Amino acid sequence: MSPIPYVRGQVIALGALLAAAALLGGALVALCCAAFASASAALLAARYRHDLVVTGASVPPHRGRLDSIVSNDAWAALVPALLLALASLAFAFQPSGQAAVTACVAISYLSVAATAIYASSLVDWYVILPRISGQLGARPCQKADPDFPFPHSWKEVTRWWYIHRIVGTLVFRFMVGWAIAAVIGDLVGASTGAKFLGGLVMGIFATYLSATAAAVFQAGQAKAMVGQTIEVRARARRRRWPPFELVHPPELDGRQYVVDVSLEGVHLAGVRSWERDRLSSPTEFLRHPDRLDLVNLDSASVASRQFAGCEGRCSGINWYCLENPRCFEAK
């Protein structure tokens, strides 16, 4: 979520990979990735500005400074990579040797992986964060039915939060799997088909062992939405099928406010201490909420009474709230 150091680090790594791909003979891949990343940055920034105009929202100083950093970093890293890829194509630069070919293939795969992760982070910055921070008007903890440009509601925000991260994660894992398979396959003398199959198996295995599959179900029908108040009741211990992993039942008392969602789980905050009549001054924002793994979300149900601690005030339950001057810092 934070431009510094995460998004900045991603675009620097992407620019370096694209430059390496262009110099090693993968200029076409580098050109396509650079063009896609540049177009994503430009189009999502334009979409963000459109959302601000439509909702009549302003840009506070702590967001405006970071907007400039995200934009400047994108052009500083991607434009040189784009020009280098074009020059490499124009001069038909193609190094010789099997080692160079293998390195080109592996770095090309990694370039696609880095592009997917960077594009996903841009969606976070330009689409998701302006909504959950309250920059576009409605705060998740204050208004159940916001009037946003698409995604319009908290349900849609939650769904697309899952979707773009699922796509980015899947592309990343499969591309890294193929990059590893290309290097190992070259060392053992495997065929092209065997390398592809090896990378495919690694990608599938990495996806199966993660929470990505559970996130797919949440993207289709989210069990817990951003800004919602839920209750989590403990269940008996059980194992996944196949029985590779023991799933522990959650033990969370009282009503829980959904702060954010991720592929790892849903982050929750018990509402009891945030609904008090007297809160700390200045407002203290919750930095590290509890996490409920996605595989345990079937223990959750909508609470009979929604969180009311932010009615007419800011309680601090949402770290991403625009009232928090540190809301865009790395957690």
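Please refer to the structure higher up on the page.
Quantities reported herein were computed from a predicted structural model and do not represent experimental measurements.

Undergrad: Describe in detail the packing of aromatic side chains, supporting the description with residues and values.
TA: The geometry of an aromatic ring pair is captured by the separation of the ring centres together with the interplanar angle, meaning the angle of the planes. Following the criterion strictly, the structure yields eight aromatic pairs and no others. For the ring pair Phe148 and Trp154, a centre distance of 5.3 Å and an interplane angle of 80 degrees mean the geometry is edge-to-face. As far as burial versus exposure is concerned, Phe148 and Trp154 are alike and both buried. Connected via pairs of aromatic rings, a cluster forms that spans Tyr109, Phe174, Trp178 and Phe196. Lying across the ring of Phe328, Arg63 places its NZ or CZ 5.6 Å from the centre.

Undergrad: Could you give an account of the nonpolar core, naming the residues involved and the relevant values?
TA: With 79 residues, the main nonpolar core has Tyr118, Ile132, Tyr162 and Ile317 as its most contacted residues. The dominant element in this core, judged by the number of residues it contributes, is helix α4 (residues 98-132), at eleven residues.

Undergrad: Explain the packing of helix α2 (residues 27-55) against helix α3 (residues 61-90) to me, and be specific about the residues and the numbers.
TA: For the pair α2 and α3, interaxial distance at closest approach is 9 Å and the crossing angle is 155 degrees. In terms of axis orientation, α2 runs roughly antiparallel to α3. When you trace α2 past α3, the crossing you get is left-handed. Along its contact with α2, which presents Ala27, Leu28, Ala30, Leu31, Ala34, Ala35, Ala37, Ser38, Ala41, Ala42 and Tyr48, the element α3 presents Arg63, Asp67, Ala74, Trp75, Leu78, Leu82, Ala85, Leu86, Ser88 and Leu89.

Undergrad: So, the side chain of Ser133: which residues are in play, and what are the values?
TA: The topology assignment puts Ser133 in the loop between α4 and α5 (154-188). Of note is the side chain of Ser133, whose polar atom sits 3.4 Å from the backbone nitrogen of Gln135. For Ser133, the residues in contact, after removing those within four places along its chain, are Arg139, Tyr320, Cys321 and Leu322.

Undergrad: Any chance you could break down the sheet that holds strand β4 (residues 255-261) for me, citing the residues and the numbers?
TA: Spatially, the five strands line up as an open sheet ordered β6-β5-β4-β1-β7, and their pairing is antiparallel. Of all strands in the sheet, those bounded by a partner on one side alone are β6 (290-293) and β7 (300-302). Geometrically, the sheet is characterised by an average inter-axis angle of 45 degrees between neighbouring strands, direction not taken into account. Note that strand β1 (residues 229-232) and β4 share three bridges and pair antiparallel. From the neighbouring strand, Thr229 faces β4, where its bridge partner is Tyr257.

Cut-offs and rules
- Residues numbered from 1 in each chain as written.
- Predicted model: local features only at pLDDT ≥ 70, side-chain atom pairs only at ≥ 80, totals over all residues.
- Heavy atoms only, no water.
- Phe/Tyr/Trp six-rings, centres within 6.5 Å; stacked < 30°, edge-to-face > 60°.
- Buried < 20%, exposed > 50% of the residue type's maximum accessible area, 1.4 Å probe, protein only.
- Lys NZ or Arg CZ within 6 Å of the ring centre and 35° of its normal.
- Core = buried A, V, L, I, M, F, W, Y, C linked by side-chain atoms within 4.5 Å.
- Helix = DSSP H or I, 4+ residues; strand = E, 2+ residues; numbered from the N terminus.
- Axes fitted to C-alpha atoms, helices over the stretch in contact; angles between N-to-C directions.
- Parallel < 35°, antiparallel > 145°, perpendicular 65-115°, else oblique.
- Left-handed = near helix turned anticlockwise from the far one by under 90°.
- Contact = heavy atoms within 4.5 Å.
- Polar contact = N/O pair within 3.5 Å; in protein donor to acceptor, adjacent residues only side chain to side chain.
- Pairing = 2+ DSSP bridges.

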